[in-house]
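# Overview (structure and organization)
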Amino acid sequence: MTTAAAQPPRDRALGRGIATLIPQNATATPAEQAAAVLTAMQSVPVRVGVLQAAVVLLEERVRTTEDGAERAAAATTVAMLRGAIGQAR
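Here goes a summary of the coordinates provided. (Residues numbered from 1 in each chain as written. Predicted model: local features only at pLDDT ≥ 70, side-chain atom pairs only at ≥ 80, totals over all residues. Heavy atoms only, no water.)

The subject of this paragraph is the overall build of the protein chain. When helices and strands are counted, the protein chain shows four helices and zero strands. The buried share of the protein chain, taken over its 89 residues, is 15%. Long-range contacts, defined as pairs at least 24 residues apart, comprise 42% of the intrachain contacts of the protein chain with a sequence gap of at least 6. Counting every atom, the protein chain has about 6,800 Å² of accessible surface; 59% of that belongs to carbon and sulfur. (Helix = DSSP H or I, 4+ residues; strand = E, 2+ residues; numbered from the N terminus. Buried < 20%, exposed > 50% of the residue type's maximum accessible area, 1.4 Å probe, protein only. Contact = heavy atoms within 4.5 Å. Areas by Shrake-Rupley, 256 points an atom, 1.4 Å probe, with all protein chains shown as cover.)

Spelled out as structure tokens, the structure:
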């Protein structure tokens, strides 16, 4: 009799998959890493409170940074998070 191999828990498999999508090289900027994570996590459930906290932190970054690319990335992320919050309600 043969048995099927045990499947790894889904969260472990998902975690390994996400890690392979995030740029790990020394030239990847934090904004590029964040964009990769957001893309990979679009369908992963997250508590609304975590999203709301991230919005507050990122909105402050949009107001205070002098780096235009960072400001644009943070503003885009805020818009995405607000969209996710709206879908959750």
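The next thing to look at is the pattern of salt bridges. Counted by the stated rule, this structure contains three salt bridges. We note a salt bridge from Arg 82 to Glu 59, for which the minimum N-O separation is 2.3 Å. One end of the pair, Arg 82, is in helix α4 (residues 68-88); the other, Glu 59, is in helix α3 (residues 48-64), and 23 residues separate them in sequence. Using a relative accessible area of 45% as the deciding quantity, one classes Arg 82 as partly exposed. (Salt bridge = Lys/Arg side-chain N within 4 Å of Asp/Glu carboxyl O.)

As a rule of thumb, soluble globular proteins bury nonpolar side chains together. One finds Leu 51, Val 55, Val 78, Leu 81 and Ile 85 forming the largest nonpolar core, which totals five residues. When residues of this core are traced back to their parent elements, those giving at least two are α3 and α4. Discounting residues that sit within four places of it in the chain, Val 55 has contacts with Val 78, Leu 81, Arg 82 and Ile 85. (Core = buried A, V, L, I, M, F, W, Y, C linked by side-chain atoms within 4.5 Å.)

With that settled, the discussion passes to the layout of surface pockets. Roughly 710 Å³ of internal volume is contained in the largest pocket. Taken together, 29 residues line the largest pocket, and the ones lying closest to its centre are Leu 38, Leu 51, Thr 77, Met 80 and Leu 81. For the lining of the largest pocket, the elements supplying multiple residues, two or more each, are α2 (30-40), α3 and α4. In terms of residue count, α4 provides more of the lining of the largest pocket than any other element does, 11 residues in total. Here the lining of the largest pocket is built from residues that sort into 20 nonpolar, seven polar and two charged. (1 Å grid on protein atoms, 1.4 Å probe; cavity = no way out; pocket = protein on both sides within 12 Å on 5 of 7 lines; lining within 4 Å. Points joined across faces, edges and corners; volume = space filled by probe spheres on them. Nonpolar A, V, L, I, M, F, W, Y, C, P; charged D, E, K, R; others polar.)

Next up on the list: α4. End to end, α4 covers 30 Å across 21 residues, agreeing with the expected 30 Å (1.5 Å per residue, within 8%). The complete set of buried residues in α4 reads Ala 74, Thr 77, Val 78, Leu 81 and Ile 85. Projected down its long axis, α4 shows its buried positions confined to an angular sector of 110°, all on one face. In α4, the exposed positions that point more than 90 degrees away from the buried face belong to Ala 69 and Gln 87. Along its buried surface, α4 packs onto α2 and α3. Among the residues of α4, the N-terminal cap falls to Asp 67, whose side-chain oxygen and the backbone nitrogen of Ala 69 are separated by 2.9 Å. (Expected span 1.5 Å × (residues − 1). Arc of directions from axis to C-beta. Polar contact = N/O pair within 3.5 Å; in protein donor to acceptor, adjacent residues only side chain to side chain.)

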